[in-house]
There are 4 protein chains.
Amino acid sequence: MIKVGIVGGTGYTGVELLRLLAGHPGAEVVAVTSRKEAGMKVAEMFPSLRGRVDVAFSTPEDAKLTECDVVFFATPHGVAMAQARELLEAGVKVIDLAADFRLKDAAEFQKWYAMEHSCTDLLAEAVYGLPEVNRDAIKAARLIGMAGCYPTSVQLGLLPLLEGGKRLIDTQTLIADCKSGVSGAGRKAEVGTLLAEAGDNFKAYAVKGHRHSPEIEQGLSAIHGAPVRLTFVPHLTPMIRGIHSTIYARITPEGRDTDFQALFEARFAGEPFVDVLPVGSHPETRSVRGSNTARIAVHRPGNGDLLIVLVVEDNLVKGASGQAVQVMNLMFGQPETAGLDIVPLLP
Amino acid sequence: MIKVGIVGGTGYTGVELLRLLAGHPGAEVVAVTSRKEAGMKVAEMFPSLRGRVDVAFSTPEDAKLTECDVVFFATPHGVAMAQARELLEAGVKVIDLAADFRLKDAAEFQKWYAMEHSCTDLLAEAVYGLPEVNRDAIKAARLIGMAGCYPTSVQLGLLPLLEGGKRLIDTQTLIADCKSGVSGAGRKAEVGTLLAEAGDNFKAYAVKGHRHSPEIEQGLSAIHGAPVRLTFVPHLTPMIRGIHSTIYARITPEGRDTDFQALFEARFAGEPFVDVLPVGSHPETRSVRGSNTARIAVHRPGNGDLLIVLVVEDNLVKGASGQAVQVMNLMFGQPETAGLDIVPLLP
Amino acid sequence: MIKVGIVGGTGYTGVELLRLLAGHPGAEVVAVTSRKEAGMKVAEMFPSLRGRVDVAFSTPEDAKLTECDVVFFATPHGVAMAQARELLEAGVKVIDLAADFRLKDAAEFQKWYAMEHSCTDLLAEAVYGLPEVNRDAIKAARLIGMAGCYPTSVQLGLLPLLEGGKRLIDTQTLIADCKSGVSGAGRKAEVGTLLAEAGDNFKAYAVKGHRHSPEIEQGLSAIHGAPVRLTFVPHLTPMIRGIHSTIYARITPEGRDTDFQALFEARFAGEPFVDVLPVGSHPETRSVRGSNTARIAVHRPGNGDLLIVLVVEDNLVKGASGQAVQVMNLMFGQPETAGLDIVPLLP
Amino acid sequence: MIKVGIVGGTGYTGVELLRLLAGHPGAEVVAVTSRKEAGMKVAEMFPSLRGRVDVAFSTPEDAKLTECDVVFFATPHGVAMAQARELLEAGVKVIDLAADFRLKDAAEFQKWYAMEHSCTDLLAEAVYGLPEVNRDAIKAARLIGMAGCYPTSVQLGLLPLLEGGKRLIDTQTLIADCKSGVSGAGRKAEVGTLLAEAGDNFKAYAVKGHRHSPEIEQGLSAIHGAPVRLTFVPHLTPMIRGIHSTIYARITPEGRDTDFQALFEARFAGEPFVDVLPVGSHPETRSVRGSNTARIAVHRPGNGDLLIVLVVEDNLVKGASGQAVQVMNLMFGQPETAGLDIVPLLP
């Protein structure tokens with residue numbers, strides 16, 4: 001049994017890790033830290049876990065995280081980078097669900113997250129947690145910076161088109177028009193995500209620039225092997241879970257004869273958590289609710305030169321905690337789907 | 001034109017006052033205070049008011065509230081009682097939408113609101129702002145403690161049964177099972193009313209005891225002329241606006257031959273904002289969305305001894321700001337419906 | 001492996017059976033009938049099942065239901081009673097999720113469901129599918145009429161108070177004020193449950209009388225061993241899944257010294273799917289979303305003579321398909337929780 | 001007083017016309033037809049209109065529409081074209097909210113709406129009902145084909161960029177990624193827009209091609225004076241009212257030095273129902289809920305060559321019935337804003 005510690009168990013990615021690990025046959029949560037809630041049973045805060053999760057919150061001091069096999073950071077940005085080194089030195093693997101180890105360029109991190117990076121030397125070592133792109137590196141890694149929720153959906157949607165330097169689409173004019181449920185904003189007391197504010201309402205935000213933009217461009221450029229430019233526009237939609245990314249790509253003259261449906265199907269044929277839908281489909285976010293699957297549809301209206309890729313995922317599962325468990329499975333030689341064979345909840 | 005000041009314009013009852021007064025032919029908002037947002041245009045915070053409300057937030061010092069004809073307090077509990085005396089002494093009428101002047105018993109106030117009452121002498125003078133009960137007193141008043149949202153719906157639903165010492169129902173076993181949209185909790189950053197928490201979810205709260213219980217019992221007892229006991233159970237429902245109260249009353253032997261439908265219709269025949277629906281109806285909260293109307297249906301299943309009264313209102317209008325404007329109209333000799341002739345928004 | 005047939009796989013209880021049975025270690029769905037959709041893969045209609053459910057809809061003729069071990073009817077009322085006899089005679093066990101075998105009195109059935117009962121002789125044999133009440137009878141049964149969604153919640157909430165002729169509460173003045181999400185209305189094209197109609201809205205319905213009233217009273221009377229009277233008022237709340245029942249009971253003089261919390265905890269201590277919350281709790285419907293658990297809290301405000309029991313369940317799981325799987329497990333000697341060890345989805 | 005008839009008062013655009021006209025000082029609804037509901041008071045079907053709209057549904061025969069000054073068709077596609085000629089010949093002006101008179105090319109109409117056009121000669125006469133583009137033509141018209149909901153938002157968002165042959169943006173690669181609330185689908189009993197299906201869910205639809213595509217391209221080409229190509233991708237978002245269009249346009253070398261904010265502000269300065277937000281804004285659909293206003297924000301991330309225009313409107317008001325009232329006002333010489341001075345409902 002993998003001994004798991006979780007730093008920050010009071011947010012949505014934390015409780016989602018607990019939900020998934022409660023059903024994992026090869027892992028056991030031995031510690032969940034929260035300085036503020038130390039002593040309280042986790043299931044007292046989240047009654048959905050009653051009878052399934054017996055652990056209590058503990059202080060970081062009491063948690064003995066260095067005795068774990070792996071520690072997940074389900075924390076605000078900046079926490080993992082302060083604690084990762086000590087854990088790694090104790091032989092503990094580290095999976096950060098926040099942004100501390102996503103961006104390779106510390107200056108970029110500082111620009112977008114408004115804090116200095118405190119362990120830049122680890123940035124080079126950290127592996128980007130997106131298994132469909134980095135599976136082998138993840139297996140060998142001891143430090144993972146998990147892909148963000150939006151970036152996961154956008155990269156999966158463009159992966160077959162860009163990888164290996166393919167020249168099927170114009171790589172400088174990509175657009176990702178993305179829509180997220182409010183759980184993506186986290187379990188923070190904020191006016192903007194109150195039901196009375198965000199309910200029955202739709203809006204774009206951060207059109208000027210969003211933290212996930214550099215992450216997406218970094219990821220796509222790595223996939224492509226050359227710089228890729230993408231305009232990312234996030235929107236808030238009045239639902240709890242789910243991301244829907246609508247991606248627009250101009251097909252190049254070289255790409256015009258491509259069978260894009262076949263390309264996507266072939267690329268993801270062996271992937272346990274990516275499902276390419278039949279021609280003409282429109283994936284719904286609820287079709288992946290609670291599960292680690294991303295579903296993708298590819299459209300080319302009028303057989304023209306605009307390719308439209310639709311991607312849905314559950315932002316808290318494939319976009320965060322589920323993908324983190326998938327990564328843990330890879331790091332520890334478990335079956336990749338262990339703990340993740342959940343049928344989506346519909347309706 | 002009535003010169004209106006609003007203390008606390010950043011919450012839902014404040015912005016709702018602004019919406020309603022923007023369309024009021026005989027009133028003009030001259031000051032809206034917010035120490036924190038002083039200088040900002042109100043319409044910058046609430047773009048729905050762009051082009052309709054031109055006033056900016058001002059500090060209490062700059063607001064010159066003593067030059068207003070009337071000041072509304074759309075503030076947390078405790079603010080109005082600190083400022084009312086000065087305004088009254090300057091000849092300004094005061095309408096408090098919070099709880100400061102609702103309960104006649106200062107000890108009760110202290111028990112439920114966890115603060116001492118700072119001007120108990122004004123409690124006796126304050127008139128309870130529920131026009132269907134207190135119209136004449138309101139006309140003559142200079143200080144109003146507006147009825148709460150739940151209490152308005154429950155008192156309207158029981159008024160015809162209790163007033164004047166009627167003995168149609170058992171007055172000691174009343175039950176009000178009430179359901180509210182989340183705007184009733186106000187525009188405060190709180191985890192419990194996030195869309196990701198309160199959406200797609202239903203729960204009761206404060207079953208042990210809720211602040212509105214003493215207010216309801218005080219009001220019903222005043223209406224009845226004798227002590228009335230009611231069990232009040234509030235629930236949070238995943239919608240923005242609206243209260244639905246389901247009220248259960250045991251019919252007494254004396255009441256058994258009553259035509260309750262006729263009783264309700266007769267009682268509210270002249271009321272501009274209470275609508276008794278035909279026999280067999282089920283009022284929907286959306287049928288009053290955005291309007292000052294309460295709709296009521298009366299049921300007696302199987303012609304038995306249990307009477308069920310269903311009441312819907314928009315908690316921000318008839319349950320708060322709309323009723324406050326109605327009260328202002330009465331105090332200043334305006335037509336009672338001025339500014340309130342709004343057709344509900346459906347769907 | 002239990003060979004399972006499902007009649008009516010296109011509604012919510014059908015797709016929920018498929019979700020649950022997809023994860024059941026000891027059962028296999030071999031046929032799903034739908035005359036209209038015959039030939040279509042189930043996962044084509046419900047993409048949430050892609051990769052998890054490979055079966056296609058078949059006509060009743062092709063389905064060879066008589067070769068199944070058990071057949072679930074997830075159909076409109078009236079279908080199961082037309083087909084049950086043939087299946088039973090072929091040795092197939094039958095579990096009806098509709099109302100055909102709930103009411104013992106055929107005249108009552110006819111009154112509430114507006115159709116004649118076509119196999120009244122089977123009514124006597126049919127066992128009521130509520131394991132917490134009827135576990136032994138279920139184990140021995142070959143024909144089950146599953147408890148309805150509302151009735152399950154109300155009976156669980158009153159079971160400890162009524163069973164064995166207990167005289168703790170007044171059995172003639174019970175009230176159940178129940179609130180349901182819209183999936184309870186089924187997957188039928190109807191104006192009343194459109195998002196644009198039922199969203200951001202709250203209403204009561206069927207206050208005059210609802211089909212679940214006679215079922216609840218029949219069940220409670222059987223539990224109590226004497227006639228019980230209950231007023232049932234259902235409400236529609238703008239969420240997808242979940243029922244919240246708020247039950248009001250007058251405590252008798254004999255009941256006054258009862259420790260109700262202890263009574264409930266003791267009664268449900270061994271039940272795998274009933275969770276009694278700590279004193280003072282308010283169960284939320286989302287705390288059971290997607291799971292077969294019902295959670296209950298018991299309140300006695302002011303230590304008075306009114307007992308308030310709060311019960312939440314997922315109407316599609318404990319209120320329908322999950323409970324049906326639980327019943328199947330009992331009938332076939334499987335562990336009662338097989339296929340049902342799902343952690344609720346929160347948020 | 002303008003005497004108004006409404007054909008088809010049972011759908012959302014019909015009830016919205018009734019809401020708006022109930023508050024119109026210069027118009028009076030004299031007939032609302034519905035063959036199915038003839039005799040029933042409109043307010044019986046829509047209790048929100050109780051006390052405000054006294055008219056009953058009548059059969060087309062009894063409605064005496066030829067005695068009206070204007071008749072609105074709030075009907076399915078195909079109804080208006082069958083009845084328009086008779087009304088026009090009787091001197092009645094006709095405003096069709098459906099698609100019968102939107103497309104100038106009858107073959108296009110037939111292709112997208114799967115029915116033959118029965119009065120193609122009137123197509124040439126019909127004026128497209130989009131006042132910001134066609135105000136003078138509308139004033140002089142007797143037959144209007146109202147702009148669709150999506151097309152209104154997209155055309156307003158591109159109007160300042162395209163009109164008069166401006167060459168600021170590439171007119172062949174425009175993209176409109178649009179999101180609509182479910183009321184846009186109408187008040188029809190359909191599975192896809194049930195709360196249990198469309199709630200807590202997000203999806204694209206009709207990516208292959210949507211009826212509004214030819215309308216948008218026809219409108220933009222007319223505005224521009226040359227062919228414009230636009231890819232239109234509609235999405236369904238779990239809210240009741242509101243459209244949010246996110247429009248992407250490549251800036252041409254000629255356009256690079258344009259002050260787009262100033263361009264938009266200048267263009268719409270005199271428009272009573274178009275509000276250009278300050279630089280950096282993100283319009284929310286709720287900021288126009290229930291009102292006839294469209295709000296627009298213009299973004300140019302990184303001062304690059306991609307222009308992003310965000311447009312919100314209430315699909316039932318500016319996208320349908322409100323704009324139709326605006327058009328009626330123009331046709332009859334009323335103030336353009338008569339009946340439309342509604343403050344949006346927020347929250």
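Residues numbered from 1 in each chain as written. Chains lettered and ligands numbered in written order. Predicted model: local features only at pLDDT ≥ 70, side-chain atom pairs only at ≥ 80, totals over all residues. Heavy atoms only, no water.

1. Considerations on the overall build of chain A
A count of helices and strands for chain A gives eleven helices and 14 strands. Its C-alpha radius of gyration of 20 Å places chain A within 12% of the 20 Å reference for a compact globule of 347 residues. The C-alpha extent of chain A, read off along each of the three principal axes, is 60 × 45 × 40 Å. Out of the 347 residues belonging to chain A, those deemed buried represent 65%. Long-range contacts, defined here as pairs at least 24 residues apart, represent 70% of the contacts in chain A between residues at least 6 apart. When the accessible area of chain A is evaluated, it comes to approximately 11200 Å², of which 49% is carbon and sulfur surface. Treating the 34 positive side-chain charges of chain A as one cloud and the 40 negative ones as another, the clouds have centres 2 Å apart. (Helix = DSSP H or I, 4+ residues; strand = E, 2+ residues; numbered from the N terminus. Rg over C-alpha atoms; globule rule 2.2 N^0.38 Å. Buried < 20%, exposed > 50% of the residue type's maximum accessible area, 1.4 Å probe, protein only. Contact = heavy atoms within 4.5 Å. Areas by Shrake-Rupley, 256 points an atom, 1.4 Å probe, with all protein chains shown as cover. Lys, Arg positive; Asp, Glu negative; His and termini not counted. Charge placed at Lys NZ, Arg CZ, Asp CG, Glu CD.)

2. Here we look at the relation of the copies chain D and chain A
You can overlay chain D on chain A at an RMSD of 0.0 Å; the transform is a turn of 180° with a shift of 0.0 Å along its axis. What the superposition gives is, in effect, a two-fold axis relating one chain to the other. Measuring from the rotation axis to each C-alpha of chain D, the shortest distance belongs to Pro238 of chain D, at 3.1 Å. Both copies contact each other with a shared surface, as 100% of the interface residues of chain D are interface residues in chain A too. (Least-squares fit on C-alpha atoms with pLDDT ≥ 70 in both.)

3. Thoughts on the domain arrangement of chain A
Residue and element names in this part refer to chain A. Per the domain assignment, the segments of chain A are domain 1 (2–125) and domain 2 (150–314). Facing 15 residues of domain 1, the contacting portion of domain 2 comprises twelve residues. Between domain 1 and domain 2 the total buried area reaches about 1200 Å² when both faces are included, carbon and sulfur atoms providing 53% of it. Contact with domain 2 buries area across many residues of domain 1, yet Tyr12, Arg102 and Trp112 alone supply 47% of it, more than any other trio. (Domains from an automatic or database assignment. Buried area = accessible area lost by both parts, 1.4 Å probe.)

4. Brief notes about the sheet that holds strand β10 (residues 230–236) of chain A
All names here are of chain A. Pairing within the open sheet is mixed, and its seven strands lie in the order β9-β10-β8-β11-β14-β13-β12. Each having just a single partner strand, β9 (203–204) and β12 (274–276) make up the two edges of the open sheet. Judged from the six bridges that link them, strand β8 (residues 174–180) and strand β11 (residues 243–250) form a sheet pairing that is antiparallel. Directly across from Cys178, in β11, lies its bridge partner Ser245. (Pairing = 2+ DSSP bridges.)

5. Structural notes on the UniProt feature "active site" (unreviewed entry) in chain A
Residue and element names in this part refer to chain A. The positions that UniProt labels "active site" (unreviewed entry) are, in the present scheme, Cys149. Its place among the elements puts Cys149 in helix α7 (residues 149–162). In contact with Cys149, other than residues within four places in its own chain, are His212, Ile243, Glu313, Asn315 and Gly319. (UniProt positions renumbered as here; feature names shortened; annotations may be inferred.)

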